[in-house]
Amino acid sequence: MKKILLFGGTTEGHQLACWLHSQQIPFLVCVATDYGSALLPEGLPTHVGRLTQTEMEHLIAAEHCDLVIDATHPYAVEVTQNLRAASEAAGRPCLRLLRQSDGEDACHKAGDMATAAHMLQSLPGNVLLTTGSKELHHFAVPGLIDRCCPRVLPMLDSLQRCLSLGFPPPHILCMQGPFSRELNAAILRQYDIKTLVTKDTGTYGGFRAKADAAKDAGCALLVVERPTQEEGLVLDEIQDYIKRWIHR
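What counts, and where the lines are drawn
- Residues numbered from 1 in each chain as written.
- Predicted model: local features only at pLDDT ≥ 70, side-chain atom pairs only at ≥ 80, totals over all residues.
- Heavy atoms only, no water.
- Phe/Tyr/Trp six-rings, centres within 6.5 Å; stacked < 30°, edge-to-face > 60°.
- Lys NZ or Arg CZ within 6 Å of the ring centre and 35° of its normal.
- Helix = DSSP H or I, 4+ residues; strand = E, 2+ residues; numbered from the N terminus.
- Contact = heavy atoms within 4.5 Å.
- Pairing = 2+ DSSP bridges.
- Axes fitted to C-alpha atoms, helices over the stretch in contact; angles between N-to-C directions.
- Salt bridge = Lys/Arg side-chain N within 4 Å of Asp/Glu carboxyl O.
- Buried < 20%, exposed > 50% of the residue type's maximum accessible area, 1.4 Å probe, protein only.

### Concerning the packing of aromatic side chains
Applying the stated criterion across every chain, the model contains zero aromatic pairs. Above the face of the phenylalanine 179 ring, arginine 151 is positioned so that its terminal group lies 3.7 Å from the ring centre.

This is how it looks when you write it as structure tokens:
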């Protein structure tokens, strides 16, 4: 029977893995970290660890996979590029599972993290950073770092990164989502936040709850836009494709 290699990392990816399991379609889901694996239901066939393009090619061959699905985060550009190249080298089709954008017009917009940090220099008050820990260095600059409250995953490396960059310990929020509109608004009020910084993560990624909370709390919203405009299929379209593909 045909087998699917699914690279996860998003809520939609987790949902697709559970659906494949329920349909008894052979698959392997790949996640980058043990933390990502812990978010999946027990019993799903899982590979844990970051892979190079060459390692991706070897995994496709070793697992005898017939179809590759990229359900990684829309901001994980390098992973998507490597996976597309590995699939092509292995002679296997690769589908991109899209996370639908839920961007706002009535907000500040930045093309990347460095631009967002520069824009914050002219925006007053405290800042809630909900953009993850990898690019926090852009905000760890004089005149800005003491105003920022980074919200990161409750992982030791995330906390250590915040501390090593010099963010004040009382400002570091180590929390696991999803976050409701009400909880986001409560955090904004508790820390007297004037600007909330987020990626365009779509509804599944909690964007709507953050945007609505910013309105409730009367603070500005600064959205770091997606690095590329991608082509692909949303979750229900991917499922329809697989139903047809599995019986070819």
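Okay, back to it.
### Observations regarding the environment of glycine 49
Mapped onto the secondary structure, glycine 49 falls in the loop between strand 3 (46-48) and helix 3 (53-62). Residues glycine 49 and leucine 144, 95 residues apart in the sequence, show an inter-C-alpha distance of 34 Å. Contacts of glycine 49, omitting those with residues within four sequence positions, involve Val31 and Ala32.

### Comments concerning the sheet that holds strand 3
The five strands are arranged 3-2-1-4-5 in an open sheet whose pairing can be described as parallel. Each end of this open sheet is capped by a strand with a single partner; those strands are strand 3 and strand 5 (94-96). Going from strand to strand, the sheet's axes swing by 20 degrees on average, the running direction of each strand aside. Here strand 1 (residues 4-7) pairs with strand 4 (residues 67-70) via four bridges, running parallel. Paired with isoleucine 4 across the bridge in strand 4 is leucine 67. Packed on one face of the sheet, helix 4 (residues 77-90) meets strand 1, strand 4 and strand 5 and runs near 170 degrees to strand 4. Strand contacts of helix 9 (residues 235-245): strand 1, strand 4 and strand 5, with the helix running at about 175 degrees to strand 4, the strand carrying the most contacts.

### Brief notes about the pattern of salt bridges
Under the criterion given, the structure shown has seven salt bridges. Measuring nitrogen to oxygen at the nearest pair gives 2.6 Å for the salt bridge that ties aspartate 216 to arginine 181. Here aspartate 216 is found in helix 8 (residues 207-217), whereas its partner arginine 181 is found in helix 7 (residues 181-190), with 35 residues between them in sequence. Arginine 181 gets classed as partly exposed once you look at its relative accessible area, which sits at 35%. Overlapping salt bridges bring together Arg181, Arg208, Asp212 and Asp216 as one network.

### Things to note about the sheet that holds strand 9 (residues 173-174)
Ordered by their spatial adjacency, six strands build an open sheet running 6-11-10-7-8-9, and the pairing between neighbours is parallel. Across the chains shown, the open sheet's two edge strands, defined by having one partner strand only, are strand 6 (108-110) and strand 9. The pairing of strand 8 (residues 148-152) with strand 9 spans two bridges and is classified as parallel. Bridging from a neighbouring strand, arginine 151 pairs with leucine 173 of strand 9. Running at roughly 135 degrees to strand 10 (residues 193-199), helix 7 makes contact with strand 7 (126-129), strand 8, strand 9 and strand 10 of the sheet.

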